[in-house]
Amino acid sequence: MAAVFFGPNYALASDTICVDDASGRAKLVKLLVDWSFCESHRLGYDPAILHNKRLRYYEINVGGEDGPITYYSKSAVISAERLFGRHTRCFIASTAKPEHGATAEPDIFIKYAWPEATEDADVDYRDEGRHLQKITRTIEAEANLDGKCPRYQSSGRVMVDRRVSNEGIKAVEDTSRSILSDGICQQLDDDQNFVNGLRVHKVICMKGVGKPPKELENGFEVICVMADAMECHWEIYQRCKILHRDISTNNILFSGRGSNIKGMLIDFDHAICEDDKNAVRHFERTGTLPFMSINNLEGGKLEHSLLDDWESLIYILCWVGTYNWKKKDEPGERPCIPQRRIVANEASSKHSRSRTTTRATQRKGNQQEQSAIKLISRWFQGIDLRTCAHTKRSDLHTEASFYALTKQFDNSIPDIENLKGLVHTLRRALIEKHEDIKLKGSLKWTLN
């Protein structure tokens, strides 16, 4: 056996521990004893979040300009369930303390995540809190963006108590380096084949809560919500010079219904401000795999631009139109494929007929399987990122190839024809008719 530590983008394994001999058992006992003395934050516990098991609500303490603020939440709307990544957790909360387990109507969105960051917070140009502060200051008086853009409340780095040599207990930032021992950090730094980027545990609170796109009811609502989100995207870029760079179904919420429905763009973890000249722009892949632009997937030399984000919108609309957000096949999951049926031989005297029947059934099963596989499933099931990029390029290269893709839209979705018409219009506008060389996007390049 071996002990494995999972970091945000890596896994560290110990030497093999053989429990068949005394020395191996001694190592195992030492490991368990060390764990029992390990500080709670190193085991993944957040001291700022307490769960009241009796009344079944979370008590969340977040630092503010005038001191800590306590929020109350019934449950996490997004849980950190994956081994790798930013381990994002989100709560919708209010400042009213629950009575008899019943929480007040939530109006605050709280997000915890482990993004890459600089050690010095003052030069952390990619900080989401920094972006939202600027956005809120700039568009505060814009009534047309109410409900379409989150409003900043507070943010910061999570602090934990840690025993520091010769200094006793000291409040330190909760980072990927503070979790590991100094010896392991040094080993990672010395490894030439490993990039040990710093991850910092951050929290951000914002005004504006909503529901995920999977709760939308028809194609009309999808179009309205996506239009609002992209209006927010455009206004933020025009007024603040902040480019989102991660347009996906996970980063769009909505509120209201029918004619009062509104979409909201959230999650500026991957955003950059073009006014911050020190912010990294080149040669980095950002986004959610099924919705990443071709240039982004290929790691091309072109900077991520507005057109990359608009290209992601095409992929989102195709995704929800094909898989239907109300069904189980959500982005990132494999589409359901019918199991192949094989007719067994009933007797040796019928061997020839059974074999023929089996082959016919196999062919039928193959046809069913092929019809069940959606073309856009190749956008995230390719051998590598370049293969996914080439597939997208092929699917959107001509009107005919794109029609084959939209033909697989789920016709049970109300207003699905309007959704089809919109994605075809977007494709023609972004790929065939755009004249600005700088804004042509990666789709304009010749199909290889």
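Residues numbered from 1 in each chain as written. Predicted model: local features only at pLDDT ≥ 70, side-chain atom pairs only at ≥ 80, totals over all residues. Heavy atoms only, no water.

### Topic: the environment of Tyr-152
Here is step 1: Summarising the element assignment, Tyr-152 is placed in strand 9 (residues 151-157).
Here is step 2: Distance from Tyr-152 to Met-206, taken between C-alpha atoms, is 4.6 Å for residues 54 residues apart in sequence.
Here is step 3: Apart from the residues lying within four places of it in its own chain, the contact partners of Tyr-152 are Gly-129, Leu-132, Gln-133, Thr-136 and Cys-205.
Here is step 4: Among the polar contacts made by the side chain of Tyr-152, one reaches the side chain of Ser-155 at a distance of 3.0 Å. (Helix = DSSP H or I, 4+ residues; strand = E, 2+ residues; numbered from the N terminus. Contact = heavy atoms within 4.5 Å. Polar contact = N/O pair within 3.5 Å; in protein donor to acceptor, adjacent residues only side chain to side chain.)

### Considering the layout of surface pockets
Here is step 1: Space inside the second largest pocket adds up to approximately 1600 Å³.
Here is step 2: Around the second largest pocket, the lining comprises 43 residues; the ones closest to its centre are Phe-5, Trp-35, Arg-42, Ile-179 and Leu-180.
Here is step 3: For the lining of the second largest pocket, the elements supplying multiple residues, two or more each, are strand 1 (4-6), strand 2 (11-13), helix 1 (22-36), strand 8 (108-113), helix 3 (176-179) and helix 4 (182-190).
Here is step 4: Per-class residue counts for the lining of the second largest pocket are 23 nonpolar, 10 polar and 10 charged. (1 Å grid on protein atoms, 1.4 Å probe; cavity = no way out; pocket = protein on both sides within 12 Å on 5 of 7 lines; lining within 4 Å. Points joined across faces, edges and corners; volume = space filled by probe spheres on them. Nonpolar A, V, L, I, M, F, W, Y, C, P; charged D, E, K, R; others polar.)

### Some details on the pattern of salt bridges
Here is step 1: Enumeration over the complete set of coordinates arrives at 21 salt bridges.
Here is step 2: Note that Glu-142 and Arg-239 form a salt bridge whose closest N and O atoms lie 3.3 Å from each other. Within this pair, whereas Glu-142 is found in the loop between helix 2 (128-139) and strand 9, its partner Arg-239 is found in helix 5 (residues 219-240), the two being separated by 97 residues in sequence.
Here is step 3: Arg-239 gets classed as partly exposed once you look at its relative accessible area, which sits at 39%.
Here is step 4: Among the ionic pairs, Asp-395 bridges to Arg-378, the shortest N-O distance being 2.7 Å. Within this pair, whereas Asp-395 is found in helix 9 (residues 385-396), its partner Arg-378 is found in the loop between helix 8 (351-372) and helix 9, the two being separated by 17 residues in sequence.
Here is step 5: A residue is classified by how much of its surface remains accessible, and Asp-395, at 6% relative accessible area, is buried.
Here is step 6: Three or more residues joined by partner-sharing salt bridges are found here, namely Asp-124, Asp-127, Arg-157, Glu-173 and Lys-202. (Salt bridge = Lys/Arg side-chain N within 4 Å of Asp/Glu carboxyl O. Buried < 20%, exposed > 50% of the residue type's maximum accessible area, 1.4 Å probe, protein only.)

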